[in-house]
Amino acid sequence: MENYNDDLYPLALLMDELKHDDVSNRVEAMEKLDTIAIALGPERTLKELIPFLNDVAQDDEEEVFAVLAAKLGDFVPLIGGTAHCLPLIEILTILVLMEEPIVRDKAIDSLNNISLELSDAELAEVFIPLVQSLSQGNWFSKKIASCGLYKSVLVKVPAAARIELLNLYLKLITDDYPMVRRSAATNLPELINLLTTFTSANPNHDNKVNNEDWEIISKMFHHLINDDQDSVKFLSIDVLIAILEFFKNIGEDSFNSDFLTSALKLISDELWRVRYTAADRFSKIAENFESKEEELFQLIDPFIKLMNDNEGEVRKAVCKQLPEFCHLLIKYKSTKATILSKIIPVLNDLSQDNQENVRASLASSITKLSPILERQSTIDKLLPIFLTMLKDEFPDVRLNIISNLSVVNETIGINLLSTNLLPAITELAQDHKWRVRLAIIEYMPKLANQLGESFFKDELLSLCMSWLWDPVFAIRDAAVKNLKELTTIFGSNWANSEIINRLLNNDDKIDEDDKIDYSNFIIRITCLFAITSLIPVIDYEIIEAKILPFINSLIVDAVPNIRFNVAKSYLVIVESLVKSNTVGKDELHKLINTEILQNLEKLQNDEDVDVRFYSSKSIRGINEILA
């Protein structure tokens, strides 16, 4: 009797927790579903747990349904294999009809997962009838659910069955409900990509894609580009790209003129969402026409028209496409000439666009035109735009230019930019938004590589040091990491003279008024963080002569936070010295035993519990390293 109760316990526990008033408890219980199924075993899971879940799927909250839908996709092995998968599919069929998108989507994903484990015979017997039934349902939720299931069967069925499925899908594309058409249009590119992959892998297969398939897909596409709902019509852009990639993959370009006509129609559509999507995917569209000069040429004026579009979001999207599209244009002499004659003049206007997000988008991409235009054209045409944007009142514009200057530097050198670059960096470094300051800090190592040691030291090093005292911790932390990266670039001796001496007030060139005031706790701990971060990238002699004495001086600091960070710093020193292998074993052991461990033992007896904890932890770590 006791064993019987033990066997019932997992299911009884689940049932009890799923009756809890709090939905979060029920969600947590459902998260353990696979564990309970393992405890029950396949037979009892199939006979007891699955019927119970079938009831749950019809009477609970959406959060619980979402977890249940996700879990059931991996349940096939837990019920004894695909021979018993029908009850699972029945539960998921209930869930895919839910109006809540997250539940429906997870149920669709789980059904698709299950389909991967089914044999062709099981697909034909169980799964395809489900897809057909949902597609022909009398309620929009059934049809929406069916759209996500076609990808599991389309390339696994014979050619005749595929035609039937495509005809069913055509009905979904032309359905009365916009929600159904939208779902069908969203999933169509993936279906076409599956056909592309199947054709590439099986060019001589009996079930290869034929003209009859493409006649149906062509009808779908033409219905989409003429749809009266912008929420459906804009999805036809991705469908067009998928179709173009199929024909490019098989080396067939005889239909390109028709596709180009469709593309031009969509690019100039009266609905702004359609134009926005076309602008956002412009390079993907264009690369499918690059094999013919005259076809590529026809896309230039529509591109410029998008750059001058009335909608800011369209201009913003097309700005991001500049480098990729211009890279395609340099393939032919006639199209390359239009970059300077037609596109660059429009960029002058966009650099002063009245919407700051458009200018920021342009700033993130315009620098990438430098290698495309070559040196002199960059100096003559692009450099004035860069300099204008470096003075932009919106910080993101200046930041995006600065963040992408490496490619300009490779083309024309940094000297031509430096006059305007430094004021822009200084302004960004003092911007009232801390995230802007953070972004410019993260760019400093790249700028250091470009400017060189001397220029960086004279113009930007003081700025880097000033960030250590920023009121925002994230900025101080980034400044500490920045100093380490600069040391990696310029070397240990540079860090000693330019960073460590400044932090320790050892620099004779520093005025008394400019020396660091260690009476402030934040300044002391920031200096400790900065010095500790440099340990792995500086020489042993500097660690021994300057860093270790500084850290030793802080073991009696009045603030526990500093003392336990001192304990952590000692471990960093030992780890770095052992890893660098630049100091003799005897000398290292002497340093550790006579200085580091002795100080850590003092900290082990500290009155603060955290200090004792971290000092003990560091001692254990050092002993493990030396063992």
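Owing to the predicted nature of the structure, the values given are computational and were not obtained by experimental measurement. (Residues numbered from 1 in each chain as written. Predicted model: local features only at pLDDT ≥ 70, side-chain atom pairs only at ≥ 80, totals over all residues. Heavy atoms only, no water.)

1. Observations concerning the overall build of the chain
Across its full length, the chain holds 38 helices and zero strands. Relative to the 2.2 N^0.38 estimate, which gives 25 Å for 627 residues, the radius of gyration of the chain is 33 Å and therefore markedly larger than a compact globule would have. By its C-alpha atoms, the chain is 90 × 85 × 45 Å across when sized along the principal axes. A fraction of 68% describes how many contacts in the chain between residues 6 or more apart in sequence connect residues 24 or more apart. A total accessible area of about 29100 Å² is found for the chain, and carbon and sulfur atoms account for 48% of it. Charge-centre separation for the chain: the mean point of 62 positive side chains lies 4 Å from the mean point of 97 negative side chains. (Helix = DSSP H or I, 4+ residues; strand = E, 2+ residues; numbered from the N terminus. Rg over C-alpha atoms; globule rule 2.2 N^0.38 Å. Contact = heavy atoms within 4.5 Å. Areas by Shrake-Rupley, 256 points an atom, 1.4 Å probe, with all protein chains shown as cover. Lys, Arg positive; Asp, Glu negative; His and termini not counted. Charge placed at Lys NZ, Arg CZ, Asp CG, Glu CD.)

2. Digging into the side chain of Thr532
Relative to the helices and strands, Thr532 resides in helix α34 (residues 521–534). With sequence-adjacent residues up to four places away left out, Thr532 is seen in contact with Ser569 and Val572.

3. Description of unusual backbone geometry
Positive phi values are uncommon outside glycine, yet Glu374 reaches one of about 75°. Tracing the backbone shows Glu374 in the loop between α24 (370–373) and α25 (375–389).

4. What to know about the packing of aromatic side chains
Inspection of every chain in the model, using the stated rule, returns 17 aromatic pairs. A ring pair is formed by Tyr150 and Tyr169, whose centres lie 4.9 Å apart and whose planes are at 80°; its orientation type is edge-to-face. Of this pair, Tyr150 sits in the loop between α9 (140–147) and α10 (159–173) while Tyr169 sits in helix α10, and the two are 19 residues apart along the sequence. An identical accessibility class is assigned to Tyr150 and Tyr169; each is buried. A centroid spacing of 5.1 Å and a plane angle of 85° characterise the contact between Phe282 and Phe325, whose relative ring orientation is edge-to-face. Here Phe282, found in helix α17 (residues 282–286), pairs with Phe325, found in helix α21 (residues 322–329); they are 43 residues apart in sequence, far enough to count as distant. Phe325 shares its class with Phe282; the two are buried. Aromatic ring contacts, followed pair by pair, group Trp214, Phe246, Phe247, Phe255 and Phe259 into a single cluster. Directly above the aromatic system of Tyr614 lies the positively charged group of Lys568, at a separation of 4.9 Å from the ring centroid. (Phe/Tyr/Trp six-rings, centres within 6.5 Å; stacked < 30°, edge-to-face > 60°. Buried < 20%, exposed > 50% of the residue type's maximum accessible area, 1.4 Å probe, protein only. Lys NZ or Arg CZ within 6 Å of the ring centre and 35° of its normal.)

5. Focus: the pattern of salt bridges
A side chain with one charge may pair with a side chain of the opposite charge, provided their charged atoms come close. According to the stated counting rule, one finds 24 salt bridges in the structure shown. For Asp392, the salt bridge goes to Arg359, with nearest N and O atoms at 2.6 Å. In this pair, Asp392 is assigned in the loop between α25 and α26 (395–403) and Arg359 in helix α23 (residues 356–366), connecting sequence segments 33 residues apart. With respect to burial, Asp392 and Arg359 carry one shared label: buried. As a salt-bridge pair, Arg398 and Glu427 come within 3.9 Å of each other at their nearest N and O atoms. On the criterion of sequence distance, the pair formed by Arg398 in helix α26 and Glu427 in helix α28 (residues 415–429) is long-range, its members being 29 residues apart. Overlapping salt bridges bring together Arg181, Asp227 and Asp228 as one network. (Salt bridge = Lys/Arg side-chain N within 4 Å of Asp/Glu carboxyl O.)

6. Let's talk about the nonpolar core
Formed by 222 residues in total, the largest nonpolar core has its most connected members in Leu95 and Leu347. Each of two domains, domain 1 (1–117) and domain 2 (491–626), supplies a minimum of three residues to this core. With near-sequence residues (within four places) excluded, Leu95 lies in contact with Ala57, Phe65, Leu68, Ala69, Val103, Arg104 and Ala107. (Core = buried A, V, L, I, M, F, W, Y, C linked by side-chain atoms within 4.5 Å. Domains from an automatic or database assignment.)

7. A word on the domain arrangement of the chain
In many analyses, interface size is given as the accessible surface area lost on bringing the parts together. Here the chain is partitioned into domain 1 (1–117) and domain 2 (491–626). For domain 1 and domain 2, the distance between their C-alpha centres works out to 55 Å.

8. Some remarks on a nonpolar patch on the surface
Residues Trp139, Tyr177 and Met179 make up a contiguous nonpolar surface patch of about 280 Å² in total accessible area. Structurally, Met179 is set in helix α11 (residues 178–201). For Met179, a relative accessible area of 34% puts it in the partly exposed group. (Patch = residues over 30% accessible without salt bridge, like charges linked within 9 Å, V, L, I, M, F, W, Y side chains within 5 Å.)

9. A look at the packing of helix α22 (residues 333–350) against α25
One way to put it is that α22 packs onto α25 with a least axis distance of 9 Å and a crossing angle of 25°. With respect to their mutual orientation, α22 and α25 come out roughly parallel. Judged by the sense of rotation from one axis to the other, the crossing of α22 with α25 is left-handed. The segment α22 lies against α25, with Leu340, Ile344, Leu347 and Asn348 engaging Ser377, Lys381, Leu382 and Ile385. (Axes fitted to C-alpha atoms, helices over the stretch in contact; angles between N-to-C directions. Parallel < 35°, antiparallel > 145°, perpendicular 65-115°, else oblique. Left-handed = near helix turned anticlockwise from the far one by under 90°.)

10. Here's the deal with a negative patch on the surface
A surface patch of like charges, here negative, comprises Asp539, Glu541, Glu544 and Glu587. Mapped onto the fold, Glu544 is located in helix α35 (residues 540–552). Under the relative-accessibility criterion, Glu544 is labelled partly exposed at 38%.

11. Quick notes on the UniProt feature "repeat: HEAT" (unreviewed entry) in the chain
When the UniProt feature table is mapped onto this chain, "repeat: HEAT" (unreviewed entry) is found at residues 49–83, 165–202, 343–381, 382–420, 421–459, 547–585 and 596–627. Note that residues 421–459 is 87% helix and 0% strand, and that its end C-alpha atoms are spaced 11 Å apart. Secondary structure content for residues 596–627 is 84% helix and 0% strand, while the C-alpha to C-alpha distance between its ends is 16 Å. (UniProt positions renumbered as here; feature names shortened; annotations may be inferred.)

12. Examining the side chain of Ser533
With respect to the helices and strands, the residue Ser533 is situated in helix α34. Filtering out sequence-adjacent residues up to four positions away, Ser533 remains in contact with Val480 and Lys484.

13. As for the environment of Val609
Mapped onto the elements of the fold, Val609 is located in helix α38 (residues 609–626). Given the relative accessible area of 52%, Val609 is considered exposed. When the C-alpha positions of Val609 and Leu149 are compared, they lie 59 Å apart, and in sequence the two are 460 residues distant.

14. Structural notes on the environment of Met389
As for its placement among the helices and strands, Met389 is situated in helix α25. Given the relative accessible area of 0%, Met389 is considered buried. Along the primary structure Met389 and Leu165 are separated by 224 residues, whereas in three dimensions their C-alpha atoms are 54 Å apart. Among all residues touching Met389, those that are not within four sequence positions of it are Ser351, Arg359, Leu362, Ala363, Ile366, Val397, Arg398 and Ile401.

15. A word on helix α32 (residues 473–490)
Along its 18 residues, α32 runs 26 Å from first to last C-alpha, staying within 8% of the 26 Å computed at 1.5 Å per residue. Backbone geometry just downstream of α32 places Gly491 in the positive-phi region, at approximately 105°. (Expected span 1.5 Å × (residues − 1).)

16. Notes on helix α8 (residues 120–135)
The largest bend in α8 is about 35°, located at Phe127, with the proline Pro129 one to four residues further on. The complete set of buried residues in α8 reads Leu123, Val126, Phe127, Ile128, Leu130, Val131, Leu134 and Ser135. Buried positions along α8 lie against α6 (86–96), α7 (101–117), α9 and α10. (Bend = angle between axes of the 7 residues up to and from the residue.)

17. Focus: the packing of α23 against α25
Axis separation between α23 and α25 bottoms out at 11 Å; the angle between their running directions is 135°. In terms of orientation, α23 and α25 fall into the oblique class. When you trace α23 past α25, the crossing you get is left-handed. Together, Arg359, Leu362, Ala363 and Ile366 of α23 and Leu382, Ile385, Phe386 and Met389 of α25 make up the contact between the two elements. A per-class count over the contact of α23 with α25 returns seven nonpolar, no polar and one charged. (Nonpolar A, V, L, I, M, F, W, Y, C, P; charged D, E, K, R; others polar.)

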